[in-house]
Amino acid sequence: MIFLIKCKKNDDAISEVVSTILLVAITVLLAAVIVAFVMGMTGNMQKGKIATSTISRVNGSYVTVTFVGGQNSKSVVGINWTVNGGAPATWISGSSVTAGIQDHPSSGGILSVGANAMLAAPDSGKDRVLGIALFSDGSQQVILDKTL
């Protein structure tokens with residue numbers, strides 16, 4: 001025996017409309033959650049500064065670092081240098097200064113573009129030299145990271 005059930009032609013339309021509305025609502029809700037998450041993450045990001053430095057090896061025991069400058073060079077008040085994670089013996093203009101510190105001139109003002117410092121780096125080919133610029137607004141940024 002075969003039973004035939006008669007269906008109205010409009011029964012399917014209601015469930016299709018409801019399912020479409022639910023899919024759109026879920027998509028909008030997920031998009032709102034993702035936007036809120038992304039905006040919350042980027043709210044704490046700081047704008048990068050532009051300043052850089054170069055390095056060259058003088059001999060097997062020393063390297064010379066030069067502050068090259070950049071767009072934000074006038075706000076650099078000092079550079080902290082490390083060699084292999086420690087503060088190296090540092091000389092500026094032939095005079096010994098605080099280990100690892102290259103800061104603004106004693107007369108005040110900025111760290112001048114072209115200023116050099118000599119750092120003790122006794123392990124030629126394996127010395128990792130890192131320079132972190134300190135800016136007048138209190139922020140810091142890596143301006144040199146090189147192994148030589």
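Within each chain, residues carry numbers counting from 1 in the order of the written sequence. Local features in a predicted model are, by the rule used here, given only for residues with pLDDT of at least 70; side-chain atom pairs are given and counted only at 80 or more, and totals for whole chains, interfaces and linings are based on all residues. Side-chain numbers come from the whole structure's heavy atoms, not from hydrogens or water.

Student: Could you give an account of the pattern of salt bridges, with specific residues and numbers?
Tutor: Each reported salt bridge corresponds to a side-chain nitrogen of Lys or Arg within 4 Å of a carboxyl oxygen of Asp or Glu. Considering all chains together, one arrives at 3 salt bridges under this definition. Across the pair D137 and K49 runs a salt bridge, and its minimum N-O distance is 2.9 Å. Linking D137 in the loop between β8 (128–135) and β9 (140–147) with K49 in the loop between α1 (11–42) and β1 (52–57), this pair joins segments that are 88 residues apart in sequence. Three labels apply to residues, based on accessible area from a 1.4 Å probe with only protein chains included: buried if under 20% of the type maximum, exposed if over 50%, partly exposed otherwise in between. Overall, D137 belongs to the exposed group, its relative accessible area being 53%. As a salt-bridge pair, R57 and D127 come within 2.9 Å of each other at their nearest N and O atoms. Of this pair, R57 sits in strand β1 while D127 sits in the loop between β7 (116–120) and β8, and the two are 70 residues apart along the sequence. Secondary structure elements follow DSSP: runs of H or I of four or more residues count as helices, runs of E of two or more count as strands, with numbering from the N terminus.

Student: Lay out the pairing of β1 with the relevant residues and their values.
Tutor: For β1 and strand β2 (residues 62–69), the ladder comprises 6 bridges, and the chain directions are antiparallel. By the bridge assignment for β2, T52 is matched with G69. Pairing between two strands requires that DSSP report at least two bridges joining them. In this antiparallel pair of consecutive strands, β1 and β2, the connection spans 4 residues.

Student: Please set out a nonpolar patch on the surface residue by residue, giving values where relevant.
Tutor: The patches described consist of residues with a relative accessible area above 30% and no salt bridge, like charges being joined within 9 Å and nonpolar side chains (Val, Leu, Ile, Met, Phe, Trp, Tyr) within 5 Å. Methods summary: accessible areas were calculated by the Shrake-Rupley approach with a probe of 1.4 Å, and residue burial reflects only the protein chains presented. On the surface, I34, F37 and V38 cluster together into a nonpolar patch covering about 310 Å² of accessible area. Tracing the backbone shows F37 in helix α1. Relative accessible area serves as the criterion here: at 54%, F37 is assigned to the exposed category.

Student: Talk me through the sheet that holds β1; I want residue IDs and the actual numbers.
Tutor: Here we have 5 strands laid out as an open sheet, ordered β1-β2-β7-β4-β5, and antiparallel in their pairing. Strands at the two margins of the open sheet, each flanked by one partner only, are β1 and β5 (95–97). For this sheet the average axis-to-axis angle between neighbouring strands, irrespective of direction, equals 30°. Inter-axis angles, ranging from 0 to 180 degrees, are taken between N-to-C directions of lines fitted to C-alpha atoms, where helices are fitted over the stretch in contact.

Student: Can you break down the sheet that holds β9 residue by residue, with the values?
Tutor: An order of β6-β3-β8-β9 is seen for the 4 strands of this open sheet, with the pairing classed as antiparallel. The sheet terminates laterally at β6 (101–103) and β9, the two strands that pair on one side only. Across the sheet, the axes of successive neighbouring strands diverge by a mean angle of 15°, strand direction being ignored. Pairing geometry for β8 and β9, over 7 bridges, is antiparallel. Bridging across to β9, L130 finds its partner in D145.

Student: Can you lay out the packing of aromatic side chains for me, pointing to particular residues and giving the numbers?
Tutor: Here the aromatic set is Phe, Tyr and Trp, taking the six-membered ring for Trp, and pairing holds for ring centres within 6.5 Å; pairs whose planes are under 30 degrees apart are stacked, those over 60 apart are edge-to-face, and all others are tilted. According to the stated counting rule, one finds 1 aromatic pair in the structure shown. Centroid distance Y62 to W91: 5.4 Å. Interplanar angle 80°. Geometry classified as edge-to-face. Linking Y62 in strand β2 with W91 in strand β4 (residues 90–92), this pair joins segments that are 29 residues apart in sequence. The partly exposed category is assigned to Y62, whose relative accessible area is 28%.

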